[in-house]
Amino acid sequence: MSSENSSADDVRQVWDVVVVGAGPAGASAAYAAAVAGRRVLLLEKAELPRYKTCGGGIIGPSRDSLPPGFDLPLRDRVHAVTFTHNGRFARTRRSRHTLFGLVNRPEFDQALVDHAQKAGAELRTGVTVQRVEQHGSAVPDRRCVALVLQGGETVLARAVVGADGSASRIGAHVGVKLGQVDLGLEAEIPVPETVAEDWKGRVLIDWGPMPGSYGWVFPKGDTLTVGVISARGEGAATKRYLEEFIGRLGLAGFEPSISSGHLTRCRADDSPLSRGRVLVCGDAAGLLEPWTREGISFALRSGRLAGEWAVRIAEAHDAVDTRRQALNYAFAVKAGLGVEMSVGKRLLTAFERRPGLFHAVLTGFRPAWKAFMDITRGTTTLAEIVRTHPMAHRALSALDRRQAPAGEQPTS
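This one's a predicted model, so the numbers in the text were calculated from it and none came from an experiment. (Residues numbered from 1 in each chain as written. Predicted model: local features only at pLDDT ≥ 70, side-chain atom pairs only at ≥ 80, totals over all residues. Heavy atoms only, no water.)

Enquirer: Break down the pattern of salt bridges for me, with residues and values.
Expert: Taken as a whole and judged by the stated rule, the model has 17 salt bridges. Across the salt bridge formed by Arg131 and Glu133, the nearest N and O atoms sit 2.7 Å from each other. Among the ionic pairs, Arg301 bridges to Glu340, the shortest N-O distance being 3.0 Å. In this pair, Arg301 is assigned in helix α7 (residues 296-315) and Glu340 in helix α8 (residues 319-353), connecting sequence segments 39 residues apart. Side by side, Arg301 and Glu340 carry an identical accessibility label, which is buried. Via salt bridges that share partners, Arg50, Arg105 and Asp109 belong to a single interconnected network. (Salt bridge = Lys/Arg side-chain N within 4 Å of Asp/Glu carboxyl O. Helix = DSSP H or I, 4+ residues; strand = E, 2+ residues; numbered from the N terminus. Buried < 20%, exposed > 50% of the residue type's maximum accessible area, 1.4 Å probe, protein only.)

Below you can see the structure in the form of C-alpha cells.
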C-alpha cells in the first residue's frame, strides 16, 4: 500500500469527507470538498496511473466541469466525424471548430487527482474498502461513518462519497438499482505514422448490427482507440462485432497494446443516491448517458455535486439535517443529469428500432448535424434541444408514439 502524508496516528481520526475511488467522479468530489477547506481523504484500490476501458472523449460539459486552471492532456482535437451504418453508407461531416477532445484515461485521471491533492485532499492508493458501517461498534457516534478496509483498518468520516465504479461496493451499501447494463470492448492499437496521419482530427462512429450497438475509432497520436458497445447478454456477438469492425478498418494486422472489456450500468429511475451520510456519484450511482453511454461528463458533474453536498452532510448535526442535505443532492442530480438521462433513454429506445433513420438524419439533415455539434461543444444538451426546439420535440414524441403500442412491429 502506498500512502501520502498519512501515519499510524491517523487510524482513529475522523475525516470530514472520505471519497472512495479516484476516477473522474471521485477526484472531482475530493477537489470540491477540499477546496471548501475540509479535511478530505481520497481512497483508491489501484496504484495510479491505471488504465480504464474508455474512449476518452472530452465533450463540452466535461471541459466546463473541470477545476479552474486544469490543463487538459489532449492527444487530439476532433474536427470531423465519419458515420457508417454497420460498415456501409459512409459519410464524413466536418466542423470549422473543435467538436471535442481526446485523452488517455491514465493521464487524465492522474491529472484530476493531482488537482485534488493541490487543493488539500490526501491520497491513499492500494486500499480496498471491504464494508461500510453507519451503526454498530465500529462507529463512535451518530455523526460518523466507518469504512472497514481490507486488512482490518477502520477509517472514520463525517461524510462518505462512493465513486468506486460500476461494480461499486459503496453503491451496494446505498442500494443502487440498475435499469440498463451494457458491455463495452476496446482495443488500443498502435499504428504507423502514415495510418495515424489519416485519422488525425477525425473520429469514426459506426451504428452496429445489434440493437442499440455502435462502434468507434478515436485517434490519439500513434495509437487508435477502437471499441464497440452493446447490451449485456450479447457477449459473443459483441466480440464478433469488434473483430469484424477492426477487420473492415484494415487494422487487423496491427497488434493491440491493450485489449479490455467493461460493463456500463445505468441507474433505474427510482434508484437511491444516498443512504445516511453516504452519497454515490458517477458510475457508482449508475449515472451516464443511456444512448451514447458517455460517462465522463456525468462523472465530473455528479462528482462535483457530491463533494459540495458531502461538505454540508459533514456539518449536519442530526439525522434530520443529514436527510435534508442528501435529498438536496438527489434533487440537484435529478434536475440536471436525470433529465438528460431520461431523454437519452427515449433516444436509445428509438435508435434500437431505427438505426438507419438515425444515420440518415445525422448525415443528411443539417439541423441534426448542428445539434450534434452544439451538444459535443457544450453549448446545449439533448434535453435542452428537445425542450426548446419544436421540431425536435415533435420528432421524439412521434418516435415515442411509434414505440408505445404493445406488439407493434417497427419498420426498418
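Enquirer: Can you lay out helix α9 (residues 355-364) for me, pointing to particular residues and giving the numbers?
Expert: Those residues of α9 that fall on the buried side of the exposure criterion are Pro355, Phe358, His359, Leu362 and Thr363. End-on view of α9: buried residues confined to an arc of 110 degrees, all on one side of the axis. The secondary structure elements touched by the buried residues of α9 are β6 (80-85), β7 (88-94), β14 (202-207), α8 and α10 (366-377). (Arc of directions from axis to C-beta. Contact = heavy atoms within 4.5 Å.)

Enquirer: Summarise the sheet that holds strand β16 (residues 223-231); cite the residues concerned and give the values.
Expert: One open sheet holds the seven strands; their spatial order is β7-β6-β14-β15-β16-β13-β17, and the pairing between them is mixed. Where the open sheet ends on each side, the last strands, each with one partner, are β7 and β17 (258-267). Neighbour-to-neighbour, the strand axes of the sheet open up by a mean angle of 20 degrees, direction not taken into account. Sheet analysis places strand β15 (residues 214-220) next to β16, joined by seven bridges and oriented antiparallel. Within β16, the position partnered with Val217 by the bridge is Val226. The strands that helix α6 (residues 235-248) touches are β13 (178-190), β14, β15 and β16; relative to β16, the one it contacts most, it runs at about 150 degrees. (Pairing = 2+ DSSP bridges. Axes fitted to C-alpha atoms, helices over the stretch in contact; angles between N-to-C directions.)

Enquirer: I'd like a description of helix α1 (residues 24-35), backed by residues and values.
Expert: The terminal C-alpha atoms of α1 lie 16 Å apart, and with twelve residues this matches the ideal 16 Å at 1.5 Å per residue to within 8%. The buried fraction of α1 amounts to eleven of the twelve residues, a majority that puts the element mostly inside the structure. For α1, every residue scored as buried is listed here: Pro24, Ala25, Gly26, Ala27, Ser28, Ala29, Ala30, Tyr31, Ala32, Ala33 and Ala34. Tucked into the core, α1 has its buried residues touching β2 (14-20), β3 (40-44), α3 (105-118), β12 (154-162) and α7. (Expected span 1.5 Å × (residues − 1).)

Enquirer: Residue-level account of the pairing of strand β8 (residues 100-103), with values.
Expert: Of the two faces of β8, the one holding Phe100 and Leu102 and the one holding Gly101 and Val103 are both buried throughout. Summarising the sheet, strand β4 (residues 57-58) and β8 pair through two bridges and their orientation is antiparallel. Of the residues in β8, the one forming a bridge with Gly57 is Leu102. Of the pairings in the sheet, the one linking strand β5 (residues 74-78) to β8 comprises four bridges and is antiparallel in character. Among the inter-strand pairings, Arg77 is bridged to a residue of β8, identified as Gly101.

No statement about biological role is implied by the geometric values presented.
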